[in-house]
Amino acid sequence: MESQRKSSGDDDGGERGLLHTWKGYSCSVTPERMLLPRPVLQVALGIRHGVLLVEGGQVYSFGELPWKQSQVPGGPTQECALSGQRVVAVAAGSFHSGAVTEDGGVHMWGDNGAGQCGLSGLSAVPNPTPVALVDSDTVPPQTVPVLELACGEQHTLALSVKREVWAWGSGCQLGLNVATFPVWKPQKVEHLAGRYVLQVACGALHSLALVRCLGSQDVQRPPVDKCRHCNQLLYTMTDKEDHVIISDGHYCPPGAELTKDERKLEAPAHGLKTSPSEPVLSSHTSTSHSDSPAPQTSADPSSDSAPVQDLEKEETALANGVLPCSDSDPTAQSEGGSGAVSVVKSSLYPDEQAVKDYLKKLTDNTQTEAKTGGLHSLLPSAVGLASSPSATLNTLVASCASAVGERVASTYEALSLKKMMNYLPSGVSRSGAPTGLTGTAPGVGDNTTERVRQEDSMQGKKSSSTGDIREEEAESMRRRLSLPGLLSQVSPRLLRKAVRPRMRAVALTPLGAAVPEAPEVLPTLQTEVWSWGHGEHGQLGHGDNLARLKPLCIKSLNSKEVVRVAAGAGHSLALTAQSQVFSWGSNSSGQLGHMESPSTIPRLAKLSEGIRVWDVSAGSKHTLLLADGDCIQPIIYYSGQQAKETEEESEAKEPGHQEEGEEKQERAGGYTPQPVLLPFCMHLGYVSSVFAGGKRCVALSDRNVMGFIASLHELAAAERKFYCKLCNIKTQIIRPLLELESLSSTLGQVTFGFLQILAGQFSLLCHMTGQHAASLTANLRRGRDVKSLLILDHAGIFLDSYNEYCSTLGNFQVMGGIQALTKPSLDFFGKSPELLQRLSECSEENPAVADLLSALFYLPINHIHEYGRLLLKLATCFEVCSDEYQRLQDSCSKFEALSLQLKRRRKDAEYTFHFWKSFPGKMTDSLRKPHRRLICESSNKALTLQNAGRFSVNWFILFNDALVHAQFSTHHVFPLATLWVEPIPEENTGTYGLKMITPEETFTLLASSPMEKAKWLRSINQTVDQALSGATHDKTSVSPGSGPKLEPPISRTASYTFYKDGRLKEATYEGRWLAGKPNGRGVLKWPDGRIYTGEFKNGLEDGFGEFTAPNKALNKNDHYQGHWKDGKMHGLGTYRYASGEVYDGSFQDGMRHGHGMLRSGKLNTSSPSVFIGQWVQDKKTGYGVFDDITKGEKYMGMWQDHLRQGTGVVVTQFGLYYEGTFKDNKMMGTGILLSEDDTTYEGEFSDDWTLNGKGVLTMANSDYLEGSFGGEWGSSLKVTGSYFKPHLFDADKEKTHVVKLGRLCVCSEDKWQAVFVECWSQLGCETSGQGENWKAWENIAVALTTNRWQIQDRPEILSRSHSRTLESLEVIPQHVGPITMDRYHIIRLYLIKACDTPLHPLGRLVETLVAVYRMTYVGVGANRRLLPQAVNEIKSYLNRIFQIVRFLFPDLPEEGGQIPEPTTNLPDQKEPGSTDAPPQSPKPVRVVSCSALLLPVLLPRLYPPLFTLYALDKEKEDGVYWDCVLRLNKQADLALLAFLGVQQKFWPVTISVCMPALGEKQQVLSSTKDACFASAVETLQQISTTFTPSDKLQVIQLTFEEITQEVQSLLKQDFLWSMDDLFPVFLYVVLRARIRNLGSEVSLIEDLMDPSVQHGEHGIMFTTLKACYYQIQHEKIT
């Protein structure tokens, strides 16, 4: 509130909330101003007192306050009991008052005789006292915060924050199920539970509630399906044979004492006979299908019949519950005079039999009627028309529909009512609705199945739709079929229409689109009014004078968009969004504003045309209306009794109990038969709200400071006026046109569809305007500030709705819709369409109907400019620097921009429409698209095709989405997204040409002049640019010759389907383009299911991509993922075949070529196998390893054309080993075969494992056979030859039979050549070493970056350490110039990192080598006889990789070359992996070797398979060694030292205990074990955890140092070892270290040791270790 005061530019508060009070309406009345210290926010008036709420939350009372102990006469007095609280709302009943505080607390004071203050034991409450609303359903019980209060004469209602109603006090107007009054403790009104109540109002003895219709947002509030008091179902459903009756007329046993008539009405529902199969309608069903599953069918038929506003006088009998009966109906005369439907008591149909009889009578009756002359004979006469068949049907339908909602109803109608249809007189049209009751009953007439379908998606955002009754009488029901009106209540005109078969019911709602705003943003207009309490004056609005114990919906107000209700002593008012006032109840003093007296159903108050009411209030016998007049300032109308000053004292009786005499006397005192304008209202300023109560009237007004208040009022008034205008257009023009039966055939299906969509969007726009008007009105009533203007915060909702509407309208216009509507309009509105002219605000003389329709449809769009103007006007009321000014200014500019844009779009649509009118007809049909707009065309021969034939016709038309080349009878459409245009320079040709490039054609257009050329170039470029930005409908359109010269990007994203023959025929490409060719990322789909996704270059697949091709035979897909070049697979990739095979490796020209791995079958399928090796043109050729998992064999050797050919090795899982030659996939030729037990055959083979020819067979014990062999190994062999026992002769023979392996296998240099070739080619070299060094580095950089891009799409692959590695690799080390030690280390580190990532060519090489190595030597390949080959293979890798490294770093010395060490003593870097070594004596040189540089990178990865082979090879020796170790380790330390012959001086005397910090020593005893030389033992044990020989040697060196240190501390002096002294000590350490596979470790070091180390210090230490190993093996002997 503070901020509002400031914004009005004045802080004294004298500008806002001024209070004026008066009584009556005569000319002599002048309002008096009541002065208060602060602006008044709200007023509440009782009969003789009033309560005021002022800014800051203080409350004042004035008038007669008999409950106060000391009544101070005079002005307002502050209620001090509330001074600590901030009050937000006040209410006043006849003699009591209430207030709501900020935190939702309720305070009551005043008369409490009927418990209306909610405090027990007090007859009056002098000061505001808190009253707690406690919800006992929750555990623990919680107090309920309250939003607002309403007070009557003996009761009070509260609306909680959860939108539930609570009541206390006395009387049936509480709506509670209680037997005794007063009710002291506030209780919840259960009948409204689950509904969203917007407002409550209390009359003297009745109550009103404004309820939001149940929509989708209420589904989460489950409605109550059982009465909480008598535990009966609130809804019951009875299944008849052909229909279902749903009743919601549940009443508990009444609590209040009622009259006899009323008791009949409230009879309990327990007598309802239900069939055993009766389904219970659960709460879910009721919510989902119905907008208001609640008691709506009261027991009394006439109370539910659809109300009538404008009946002729003689029909009023109906209103009082008497149904006129026709003589022809035998059932009509019955006790209550309620006519045909008198069976309906507490439930619509309590007795099945009664219903059946009733329906039977009804059908007999209708048949007789039909014979006597059909429906025309039934036209209403003065007597009125009784239960015509449709009326009964309506009753039936409504009873079904009221609880479950239309969907169910329409289904049942379709099923069950069809039977009854047959009895209808043939005159009634059956056209639109399945019911055939088209125009007769407003509730049923618009219930087409079609509409139900639309409505459902709309959640009932519907505006009613039936015939063309005058707007205020349009009585169709929203989302609920009420009991529709009996025919006697329908005007004769409508009945006549029903007989004419040209009308049909249409729902005027958007097709399938929900209202765009969230329900929270804009206030709802889908409301219902519920009433309950005493009804003797008809103030409940149900069409009778009966009381209601429970809230009941006033059905006639359902679709009226009521936004506010008010209640006087005996009358009620409802204000609608369309600014109309409905009133009902007592009219003794003209307080209803119309002549009906009294009115038991809502009728419109009579106000002159153009008066829009936006606030109402009701006093005892008068009504105040606040309305818009002709000027911006609001005007006040008064309707009701003239108050006399003299009467005031004498009248002591309470209102609501006047006697007849008094009424006459009042009339003599004067009252208004219709609302009159109060002449003084113009002097009050800008009135924001009016209040009435007792006989008093109050108006709150503001002064117009800085024009702010006036501008706010103007904005609200403009919106209200606009809404009324839109509603009129909708009901008087759009709906009648849509209901024309012949319309869809006249317009054609497409245009008619557009008209329906357009009407739907018009309806949405209209609805949104209504909601906005309601929100602006509410803002005027309470806040009057800028902050709560929805049009600022949610401008998007408005802009989008208008944008969409305009698009649809433009499309409709382009398709010739407006033109096509003119004929039906002329037929319907007559030749002189005054109505159209009046509504379209057209001032021309005799305008064309098409222009009128166009103006009408475009009317909403002009309103956008109005928004802009009014927001700007508001903005000028603020300082330019203020926040409000900024927001208003921004919104204003948005609306202004949209206004201009929509105007331009209107022009475009008109231009396009006229073009189509003149365009030759045949092509129009195919080219005319709703969203297509014309930009320019070459009918003036401004543009021709180069090299066109003499007689050819070439017409170029540029639309906003395509360029069309039309010829004599054909045309071609070029989509703009894939159109490139280039001007051809004029110098050389002298013509003005434009080159057009499309994906499949390129042609040249010639312009007639430079001007034309420039115009077309700019138009095409601009249009293409917009088509690309997706702005075809929204951005400003292209107008030839305007705007800057735009060039659309040459590279763009678009979709295109190829149509010419070739590889791409009918394929669709979607992705990046460059000058007419796919280029960049994209997706290509062929109609046969092939799909390529990935990179393109120059129109072909190039780069990384995925390809899927369906395999018809197997009904699965082939899938390739990898690199492409020129449209073919090229480079690395993975191909998954539909058969289950997977190839992973290199491709060239679409074939497998290079190194690759093929996996066939899964492990459990028939023949799983893996091949890894070289491929040439899709065939296995070159070296490869084939693992046949089924047979358990592995082949390593040469291939040709998928066959094993050349030398090779086979090992099997049973330990057989073969090496030799192969031919045609068989072992054929010379070979060597060894079995597990060393039996060897060397000689000729003819087939797998088949010996054939000469050979030598050597047994395990060295005996051998020599001769000719035949047969398969493992079965019986035929032998012809000699048998030898070698040790009888020379020992020479033995030598010849041992070193044979390895001769007949592929030499290690020839293995995996393809892998190295690929690496060289990646570096840009044809063959190894042939190429440019700088080019290689360039290729490395490119490989790294491109691979990185691909990986960025799949971040899961890239770990953080990996990306750090990649970043460090982006720096290329200096690779030219002399190598120093520093450079050497840089190179070493670079290699370690490069080999760490597969994205680097070297890393990829290492990764592949590791893969092939493991593939070869794991599993069946773990055969000890393969060890020499495995070692040689590693050495060969080292040499070949070293070659690449030397190519990259040309100045690196060759193998064995030397680098001078710097003389400054760096920490010793003897071996690459060792950093722990303390500096030894400086060495002058460093020897370069491939093993020193590369083993640290390679060996750790290859270690497991290699070491396994060593362990297998040394199995025997290691076994002997290990036995000895275990045996000797059983001895204690000293015994072992003695046994090994260690000199006593080296025996440790003491050993450090666990706390060396304290320097504690412990004596070595004879029993001490594992304590001597412990640190050296521990060091040596680390040999098993290192990989490279250099690291292992480093461990040995450290072990020696540890031993030396310990001995030196023992001897307390420097000491030089001799070998004799050292060896036993070292032997002790080796034994104690217990290294399991020491033999394997020794062999590995020996095989892979750097040759330059062999003779140095490390070499000697290694020899010592080796000696120890042999010593231990032979220890047994010594």
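Calculation rules
- Residues numbered from 1 in each chain as written.
- Predicted model: local features only at pLDDT ≥ 70, side-chain atom pairs only at ≥ 80, totals over all residues.
- Heavy atoms only, no water.
- Helix = DSSP H or I, 4+ residues; strand = E, 2+ residues; numbered from the N terminus.
- Contact = heavy atoms within 4.5 Å.
- Areas by Shrake-Rupley, 256 points an atom, 1.4 Å probe, with all protein chains shown as cover.
- Core = buried A, V, L, I, M, F, W, Y, C linked by side-chain atoms within 4.5 Å.
- Buried < 20%, exposed > 50% of the residue type's maximum accessible area, 1.4 Å probe, protein only.
- Disulfide = S-S within 2.5 Å.
- Axes fitted to C-alpha atoms, helices over the stretch in contact; angles between N-to-C directions.
- Parallel < 35°, antiparallel > 145°, perpendicular 65-115°, else oblique.
- Left-handed = near helix turned anticlockwise from the far one by under 90°.
- Nonpolar A, V, L, I, M, F, W, Y, C, P; charged D, E, K, R; others polar.
- Pairing = 2+ DSSP bridges.
- Phe/Tyr/Trp six-rings, centres within 6.5 Å; stacked < 30°, edge-to-face > 60°.
- Lys NZ or Arg CZ within 6 Å of the ring centre and 35° of its normal.
- Salt bridge = Lys/Arg side-chain N within 4 Å of Asp/Glu carboxyl O.
- Expected span 1.5 Å × (residues − 1).
- Bend = angle between axes of the 7 residues up to and from the residue.
- pLDDT = per-residue confidence, 0-100.

## Some points on the overall build of the protein chain
Along the protein chain, the regular secondary structure elements total 39 helices and 63 strands. Pairs at least 24 apart in sequence give 58% of the contacts found in the protein chain among residues at least 6 apart. For the protein chain, the computed accessible surface area is about 69800 Å², with 53% contributed by carbon and sulfur atoms.

## Side note on the nonpolar core
Grouped together as the largest cluster of nonpolar side chains are 120 residues, with contacts concentrated most on I636 and F857. Element by element, the count of residues in this core is highest for helix α13 (residues 708-738), at 16 residues. In contact with I636, other than residues within four places in its own chain, are W22, L624, L625, L626, V676, L677, L678, C681, L684, V687, V690 and A699.

## Some thoughts on the state of the cysteines
Inspection of every chain in the model, using the stated rule, returns zero disulfides. No disulfide involves C631; its nearest neighbouring cysteine sulfur is the one of C681, lying 8.5 Å away. The partly exposed category is assigned to C631, whose relative accessible area is 39%.

## Overview of the packing of helix α36 (residues 1589-1611) against helix α38 (residues 1638-1648)
Viewed as axis vectors pointing N to C, α36 and α38 meet at an angle of 120°, and their least axial separation amounts to 9 Å. By the criterion of interaxial angle, the relationship of α36 to α38 is oblique. Relative to α38, α36 is oriented so that their crossing is left-handed. On the side of α36, the interface is formed by P1589, K1592, L1593 and I1596, while α38 contributes E1641, L1644, I1645 and L1648. For the contact of α36 with α38, the per-class residue count stands at six nonpolar, no polar and two charged.

## Quick look at the pairing of strand β14 (residues 155-160)
A large share of β14 lies buried, amounting to six of its six residues. Side chains of β14 alternate between two faces, with H155, L157 and L159 and T156, A158 and S160 buried alike. Of the pairings in the sheet, the one linking strand β13 (residues 146-151) to β14 comprises five bridges and is antiparallel in character. Each bridged residue has a counterpart across the sheet, and for E148 the counterpart in β14 is L159. The antiparallel hairpin formed by β13 and β14 contains three residues in its connecting segment. Judged from the five bridges that link them, β14 and strand β15 (residues 165-169) form a sheet pairing that is antiparallel. Across the sheet, A158 pairs through a bridge with W166, a residue of β15. The hairpin turn running from β14 into β15, its antiparallel successor, is four residues long, and R163 in that turn takes a positive phi close to 65°.

## Details of the sheet that holds strand β27 (residues 612-618)
With respect to topology, four strands assemble into an open sheet ordered β27-β28-β29-β30, the strand pairing being antiparallel. In this open sheet, the two strands that pair with only one neighbour each are β27 and β30 (676-677). Relative to strand β28 (residues 622-628), β27 runs antiparallel, the two being bridged by six bridges. Across the sheet, residue V616 finds its bridge partner in β28, namely L625. Sheet strands touched by α13: β27 and β28. Its angle to β27, the strand with the most contacts, is close to 105°.

## A look at the packing of aromatic side chains
Taken as a whole, this structure holds 56 aromatic pairs when the rule is applied. For the pair Y1056 and F1058, a centre-to-centre distance of 5.2 Å together with 85° between the ring planes defines the contact as edge-to-face. Given the relative accessible area of 10%, Y1056 is considered buried. Seen in terms of ring centroids, Y1521 and W1522 are 6.4 Å apart; in terms of plane orientation they differ by 45°. Their pairing is tilted. A cation over a ring is seen here: R1052 above W980, with NZ or CZ 4.2 Å from the ring centre. The ring of W1086 carries the charged tip of R1090 above its face, separated from the ring centre by 4.5 Å.

## Focus: the pattern of salt bridges
Side chains that differ in charge, positive against negative, can pair when their charged atoms come close. Tallied over the full model, the rule gives 34 salt bridges. When the shortest N-O distance is used, the salt bridge between R869 and E866 registers 2.8 Å. Of this pair, R869 and E866 both sit in helix α20 (residues 849-875), three residues apart, which is roughly one turn of that helix. The salt bridge involving D1238 is made with R1425; its shortest N-O contact spans 3.0 Å. Residue D1238 is located in the loop between β55 (1226-1234) and β56 (1240-1247), and its partner R1425 is located in the loop between α30 (1401-1417) and α31 (1427-1448); the two are separated by 187 residues in the primary sequence.

## Some remarks on unusual backbone geometry
A cis amide bond links V139 to the next residue, P140, at an omega of -10°. A cis amide bond links F181 to the next residue, P182, at an omega of -5°. The phi angle at Q1177 is positive, at roughly 45°, despite the residue not being glycine. Looking at where Q1177 falls in the secondary structure, it is placed in the loop between β50 (1169-1176) and β51 (1179-1188). With phi around 50°, R1634 is a residue other than glycine that occupies positive phi space.

## Topic: the environment of S579
Within the secondary structure, S579 is located in the loop between β24 (571-576) and β25 (581-585). Spatially, the C-alpha atoms of S579 and K721 are 8.8 Å apart, while their sequence positions differ by 142 residues. Beyond its immediate chain neighbours, meaning those up to four positions away, S579 contacts I611, R612, V613, R720 and C724.

## A short note on the pairing of strand β18 (residues 206-212)
Where burial is concerned, most of β18 is hidden: seven out of the seven residues are buried. Side chains H206, L208, L210 and R212 of β18 all project onto a buried face; the interleaved residues S207, A209 and V211 project onto the opposite face, where all are buried too. With six bridges joining them, strand β17 (residues 196-202) and β18 adopt antiparallel strand pairing. Paired with C202 across the strands is S207, a residue of β18. In textbook terms, the turn of a hairpin is the stretch between consecutive antiparallel strands, and for β17 and β18 this stretch comprises three residues. Of the pairings in the sheet, the one linking β18 to strand β21 (residues 527-533) comprises seven bridges and is antiparallel in character. When the sheet's bridge partners are listed, R212 is paired in β21 with T527.

## Considering helix α18 (residues 817-829)
With 13 residues, α18 should cover 18 Å at 1.5 Å per step; its first-to-last C-alpha distance of 18 Å lies within 8% of that length. Considering bend angle alone, the principal kink of α18 is centred on K823 and spans about 30°; proline P824 follows within four residues of it. Of the positions making up α18, those classed as buried are G817, I818, L821, T822, P824, S825 and F829. Those residues of α18 that are buried lie in contact with α13, α14 (743-747), α15 (749-782), α17 (795-814), α19 (834-839) and α20. Positive phi appears at G830, one or two residues downstream of α18, with a value of about 85°.

## Quick look at the sheet that holds strand β5 (residues 59-63)
Strands sit in the order β3-β4-β5-β6 across an open sheet of four strands; the sheet is antiparallel. Edge strands, defined here as strands with exactly one partner in the open sheet, are β3 (40-45) and β6 (77-78). Relative to β5, strand β4 (residues 49-54) runs antiparallel, the two being bridged by five bridges. Bridging from a neighbouring strand, L52 pairs with Y60 of β5.

## Quick word on the confidence of the model for the protein chain
Do not read the predicted coordinates in detail wherever pLDDT is low. Summary statistics for the protein chain give a mean pLDDT of 76 and a share of 73% for residues scoring 70 or more. Across residues 1-13 the pLDDT falls below 50, and counting only partners more than four positions away or on other chains, this stretch makes 22 contacts in the model. Here residues 366-519 scores under 50 on pLDDT; set against residues more than four positions off or in separate chains, the count is 334 contacts.

## A word on helix α29 (residues 1381-1394)
End to end, α29 covers 20 Å across 14 residues, agreeing with the expected 20 Å (1.5 Å per residue, within 8%). Along α29, the residues classified as buried are M1381, R1383, Y1384, H1385, I1387, R1388, Y1390, L1391 and A1394.

## Observations regarding the environment of P1500
As for its position among the elements, P1500 is in helix α32 (residues 1490-1513). A sequence separation of 88 residues divides P1500 from T1588, and the C-alpha atoms of the two residues are 7.3 Å apart. In this structure, P1500 is in contact with L1495 and F1587, ignoring residues within four places of it in sequence.

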